[in-house]
Number of protein chains: 2
Amino acid sequence: MSSLNDVARRAGVSIATVSRVINKGSNVNEETRAKVLKAIKELKYQPSRVAKRLRSKSASSNLIGLLIPDIQNPFYVDVLRGVEDVAYENNYAIIMCNFAQDEKKEKMYLDILQQESIDGLIAAPAHEKDPNVIKLLNDGLPIVCVDRGLTGKDVDVVVVNNRDGAYVAVDHLIKSGYKRIAYISGQKQIPSSKYREMGYRDAIEDNGMQVDVELIKYGDSKHRSGVELCEELLAMANPPDAIFTGNNLITLGALETIHKRELRIPEEVAIVGFDDMMWSISLNPPLSAVRQPAYEIGKRACELLIQRISDPKRSPIQMTLNTKLILRKSC
Amino acid sequence: MSSLNDVARRAGVSIATVSRVINKGSNVNEETRAKVLKAIKELKYQPSRVAKRLRSKSASSNLIGLLIPDIQNPFYVDVLRGVEDVAYENNYAIIMCNFAQDEKKEKMYLDILQQESIDGLIAAPAHEKDPNVIKLLNDGLPIVCVDRGLTGKDVDVVVVNNRDGAYVAVDHLIKSGYKRIAYISGQKQIPSSKYREMGYRDAIEDNGMQVDVELIKYGDSKHRSGVELCEELLAMANPPDAIFTGNNLITLGALETIHKRELRIPEEVAIVGFDDMMWSISLNPPLSAVRQPAYEIGKRACELLIQRISDPKRSPIQMTLNTKLILRKSC
DNA sequence: TTGAAAGCGCTAACAT
DNA sequence: ATGTTAGCGCTTTCAA
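This structure is a prediction, so every number in the text was calculated from the model and none was measured. (Residues numbered from 1 in each chain as written. Chains lettered and ligands numbered in written order. Predicted model: local features only at pLDDT ≥ 70, side-chain atom pairs only at ≥ 80, totals over all residues. Heavy atoms only, no water.)

Enquirer: An account of the relation of the copies chain B and chain A is needed here, citing residue identities and associated values.
Expert: There are two copies of the chain, and a rotation about an axis plus a shift along that axis relates them. When chain B is brought onto chain A, the operation consists of a screw motion whose angular component is 180 degrees and whose axial shift is 0.0 Å, with 0.1 Å RMSD remaining. Put plainly, the chains are arranged around a two-fold axis. (Least-squares fit on C-alpha atoms with pLDDT ≥ 70 in both.)

This is the structure in structure tokens:
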């Protein structure tokens, strides 16, 4: 890899001049520029982003971090795509870190991100008091949170109306005649789980029914826990006639259990999930689900971050997007 | 962020000494070490990976790149997890680049990776002559290819036995009595598609049947193309009685079309897909599929890369893992 | 319009 | 055992 120096020597100018033509410096003679451009082409010169980043804290390093709890969840894949598209358009590269719901891993990745001098971070914190993310925030790093906020912290956030999304789904279940509706929650400590539970409870109570805490199961937002908690539910003496599942992976797990028991959906047990998937229509039966605009969450978050990087004092924005209940055959 | 200098001043030693204690330098007095460690803790010092990388080309920058064609494909998500786990254990950070089957994007990402002075790259090239990846290879960057190789290039590769995987699936279809078996291929130019087609053809011929080229459709390895090509197939005057789909996303797309036409699987049309998914069992009907050890592909690739980084002259290895036909209800 | 030179934070000789 | 110093490749004054 050739350096600025090599180019300068070949073009017979100083490195300062080369730097100017590269960075669209205004004051440079046309002839000189041509010479430099030629040398650059001949040497296939590629600027070192590393040196650039080291040198100018002020100038943008064009690098942002993306911190995600679980890349196996298609929801985050879509968020990632949204982030990526905007980053690409704005010439940012992204370092993606999947901490797999492991706070130790999260800390390590966040350290690395800081050590890499990223310009900003898009993060779905482990929970609403996540000390690792809060630390970076306090250090002054531009951050925008997705899917979940940080309680008591003034930070840009892009979320979905979780409470309403859950409410609409459960309300629909009730209006359709289901009486014992269970909720399989993701990790209890993450805000989205709480809001979804809130919507679930409100819908039940607003319909003059009673919440039965036996029907609420808490898991870890993963496939395995969908399988197991659904099994617990179906093994009850008085099992639910409908299940509202807290996310993608839980839904898939629950479906697996229901099929294993050879129960008919929705006749014997109905199911509505939070999170829609591209292939929900090909599930057995086609799944009814609360769709989150995941791609858009990522897109908006990245736009917000880029704004914040260029204007660190702009006051934080909380953006709430809406969900939509997609009815198919599972309820 | 405090620097080596800050720590040195606070501890009352030189930066060299600080550097020594950080890098487990052998020659350092216990008392001094303690002082330095104390200063580090007090200042919450974090070394700059950027400066480190700039300084020592020789020393490891602990950064590897991962180039992936389509993160929406769960197969690559699993590969990613395998890579990540090994990288994590070995203290490497990874920059993940999803080029979304867009060669322009691929080039941009590869440029960035080079500009970031990565130690090595794990790549699933766009096709077997991918000039962007070949360029880096020629520049001497340690590379290991996954899922597809680079024809004529001596490079580490981790692949699956695509031809045999396809053969076993199609052979099973034939032995089960299906007569007109279609193949919906992913992008024609990628090696895995070719090998799968080869297995498909061989199985048909070895069973004394004739390959009907009308039944082979080429797409772009995405969901959409599964939907459309399956539609073309089913709209034929003499439609297939079974379909072998070239990957994950195509399978899901084909399933969507079959359901839209309300055809019964496998009675009216059977289907076997390449790539199994965690939730294949919850599809309608539970999907039969050729399982690839995706996580292991990623794991092995990363191990190979780390070896190669430390020993760049070791001669290239081609690793071929086996697939397994998982029979459920779709054929 | 161009060049010289300082310095970003670090490692690795080389000196002491 | 510890310190001094020369860069890595770049941006950015300041001078010419």
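Enquirer: Go over the side chain of A:R148, please, and point to the residues and values.
Expert: All names here are of chain A. Tracing the sequence through the fold places R148 in the loop between β4 (143–146) and β5 (156–160). The class of R148 is buried, set by a relative accessible area of 5%. Side-chain polar atoms of R148 contact the side chain of Y76, separated by 2.7 Å. A distance of 2.8 Å separates a polar side-chain atom of R148 from the backbone oxygen of P125. Excluding its chain neighbours within four sequence positions, the residues that come into contact with R148 are P69, Y76, A124, P125, A126, V157, V159, I190 and P191. (Helix = DSSP H or I, 4+ residues; strand = E, 2+ residues; numbered from the N terminus. Buried < 20%, exposed > 50% of the residue type's maximum accessible area, 1.4 Å probe, protein only. Polar contact = N/O pair within 3.5 Å; in protein donor to acceptor, adjacent residues only side chain to side chain. Contact = heavy atoms within 4.5 Å.)

Enquirer: Hey, could you go over the pattern of salt bridges for me, with residue numbers and the actual values?
Expert: This structure, assessed with the given rule, holds 54 salt bridges over all chains. In this structure, A:K217 and A:E232 form a salt bridge, with 2.9 Å as the shortest nitrogen-oxygen distance. Of this pair, A:K217 sits in strand β7 (residues 216–218) while A:E232 sits in helix α10 (residues 223–234), placing them 15 residues apart in sequence. The exposure class of A:E232 is partly exposed, given its relative accessible area of 40%. Within the structure, one salt-bridge network assembled from shared partners comprises A:R49, A:R53, A:E116, B:R49, B:R53 and B:E116. (Salt bridge = Lys/Arg side-chain N within 4 Å of Asp/Glu carboxyl O.)

Enquirer: If you had to explain the sheet that holds β7(A) to someone new, which residues and values would you point to?
Expert: Residue and element names in this part refer to chain A. One open sheet holds the six strands; their spatial order is β7-β6-β8-β9-β10-β12, and the pairing between them is mixed. Across the chains shown, the open sheet's two edge strands, defined by having one partner strand only, are β7 and β12 (324–326). Direction aside, the axes of adjacent strands within the sheet are offset by 15 degrees on average. Contacts between helix α8 (residues 162–175) and the sheet are confined to β6 (181–185), β8 (242–245), β9 (270–274), β10 (288–291) and β12, with β9 contributing the most and set at about 170 degrees to the helix. Helix-sheet contacts for helix α9 (residues 191–206) involve β6, β7, β8 and β9, and the interaxial angle to β6 is about 175 degrees. (Pairing = 2+ DSSP bridges. Axes fitted to C-alpha atoms, helices over the stretch in contact; angles between N-to-C directions.)

Enquirer: Please provide a residue-by-residue account of the protein's contact with DNA strand C, values included.
Expert: With respect to spatial proximity, 25 residues lie near DNA strand C, and among them A:T32, A:R55, B:L4, B:Y45 and B:R55 are the closest. For DNA strand C, a phosphate oxygen lies 2.6 Å from a polar atom in the side chain of A:T17. Contacts to DNA strand C include B:S48, whose backbone N or O atom sits 3.0 Å from a phosphate oxygen. Elements with a minimum of two residues in the surface near DNA strand C: α2 (15–22) and α4 (49–55) of chain A together with α2 (15–22) and α4 (49–55) of chain B. (Near = heavy atom within 4 Å.)

Enquirer: Which residues make up the packing of α2(B) against helix α3 (residues 30–43) of chain B, and what are the values?
Expert: Residue and element names in this part refer to chain B. Running from N to C, α2 and α3 cross one another at 90 degrees; their axes reach a closest spacing of 10 Å. Between α2 and α3, the interaxial angle falls into the category roughly perpendicular. Packed against α2, whose contacting residues are T17, V18, V21 and I22, the element α3 presents T32, R33, V36, L37 and I40 at the interface. Tallied by class, residues from the contact of α2 with α3 come to six nonpolar, two polar and one charged. (Parallel < 35°, antiparallel > 145°, perpendicular 65-115°, else oblique. Nonpolar A, V, L, I, M, F, W, Y, C, P; charged D, E, K, R; others polar.)

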